Amino acid sequence: MTIQEIQDTIVDEFSMFDDWMQRYEYIIDLGKALPLIDEQYKNEDNIIKGCQSKVWVHAEQNEDKIVFTADSDAILTKGIVALLIRAFSNQKAADILEANTNFIDEIGLKEHLSPTRANGLVSMIKQIKMYALAFNVKQ
């Protein structure tokens, strides 16, 4: 699937919920289902600066695609990073760089986060794009 197709699917999933409590529960469930990051990657190099909670994002290249793994010490934040991993993992660096993140606004996520969590979300997106940029330069 393309990044846009994945994002459209996420928007469709969120549209099934009537209120934000249900959406928060869904985000938390996504976090619980996030595959565990290897403990060796839970280090200062992979920590996202600007997040209220601790968030680690690791990226490695697998052929021509970037595979992301992540974790957080906060359950809601773990769900948020799980959404991003779902949208951008196993994609080409150039596609990640070109992709928009409109799906976040479409599901209303940013407006339902505290200012510090919203800043953390922006920091996570920036880091994912920075990884893509670094891998794109290597190609």
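Scope of this entry: the structure provided in the associated data block. (Residues numbered from 1 in each chain as written. Predicted model: local features only at pLDDT ≥ 70, side-chain atom pairs only at ≥ 80, totals over all residues. Heavy atoms only, no water.)

## Focus: the sheet that holds strand β3 (residues 91-92)
Test applied: When DSSP locates at least two bridges between a pair of strands, those strands are taken to pair. The way it works is that DSSP assigns letters per residue, a run of H or I at least four long becomes a helix, a run of E at least two long becomes a strand, and they are numbered from the N terminus. The contact criterion used throughout is that any non-hydrogen atoms of two residues lie within 4.5 Å. The axes used here are C-alpha line fits, helices contributing only the stretch in contact, and every angle between their N-to-C directions lies in the interval 0 to 180 degrees.
Strand order in this open sheet of 3 strands is β1-β2-β3, and the pairing throughout is antiparallel. The sheet is open, and its two borders are formed by β1 (55-62) and β3, each paired with just one other strand. Sheet strands touched by helix α3 (residues 75-88): β1, β2 (65-72) and β3. Its angle to β2, the strand with the most contacts, is close to 175°.

## Some points on a negative patch on the surface
Condition: To count toward a patch, a residue needs a relative accessible area over 30% and no salt bridge; like charges are then connected within 9 Å, while nonpolar side chains (Val, Leu, Ile, Met, Phe, Trp, Tyr) are connected within 5 Å. For accessible areas, the Shrake-Rupley method is used with a probe of radius 1.4 Å. Any residue's cover is judged against the shown protein chains and nothing else. The rule for a salt bridge is simple: a side-chain nitrogen of Lys or Arg has to be within 4 Å of a carboxyl oxygen of Asp or Glu. The sign given to each residue is positive for Lys and Arg and negative for Asp and Glu; His and the chain ends receive no count. Here the site of a charge means atom NZ of a Lys, CZ of an Arg, CG of an Asp or CD of a Glu.
There is a patch of like negative charges on the surface, built from Glu 5, Asp 8, Asp 12, Asp 105, Glu 106 and Glu 111. Elements represented by at least two residues in the negative patch include exactly α1 (3-15) and α5 (102-106). Counting residues per element, the negative patch draws most heavily on α1, at 3 residues. Its place among the elements puts Asp 8 in helix α1.

## As for a nonpolar patch on the surface
Which entries qualify depends on this criterion: The rule is simple: take the accessible area with a 1.4 Å probe, protein chains only, and divide by the maximum for that residue type; under 20% is buried, over 50% is exposed, in between is partly exposed.
There is a patch of nonpolar side chains on the surface, built from Leu 97, Met 130, Leu 133 and Val 137 and spanning about 360 Å² of accessible area. If one sorts the elements of the nonpolar patch by residue count, helix α6 (residues 115-138) sits on top with 3 residues. Look at Leu 133 and you get partly exposed, because its relative accessible area is 38%.

## Considerations on the pattern of salt bridges
Inspection of the entire model under this criterion finds 5 salt bridges. Between Lys 78 and Asp 71 there is a salt bridge whose closest N-O contact spans 3.3 Å. Of the two residues, Lys 78 and Asp 71, neither departs from the other in class, the shared state being buried.

## Things to note about the environment of Lys 129
What counts here: In protein, a polar contact means a hydrogen-donor-capable atom and an acceptor-capable atom, both N or O and within 3.5 Å, with residues adjacent in sequence counting only if both atoms are side-chain atoms; elsewhere, any N or O pair within 3.5 Å suffices.
Checked against the element boundaries, Lys 129 lands in helix α6. For Lys 129, a relative accessible area of 17% corresponds to the buried category. Lys 129 sits 41 residues away from Phe 88 along the chain, and the two C-alpha atoms are 9.4 Å apart. One polar contact links the side chain of Lys 129 to the main-chain carbonyl oxygen of Leu 97, over a distance of 3.3 Å.

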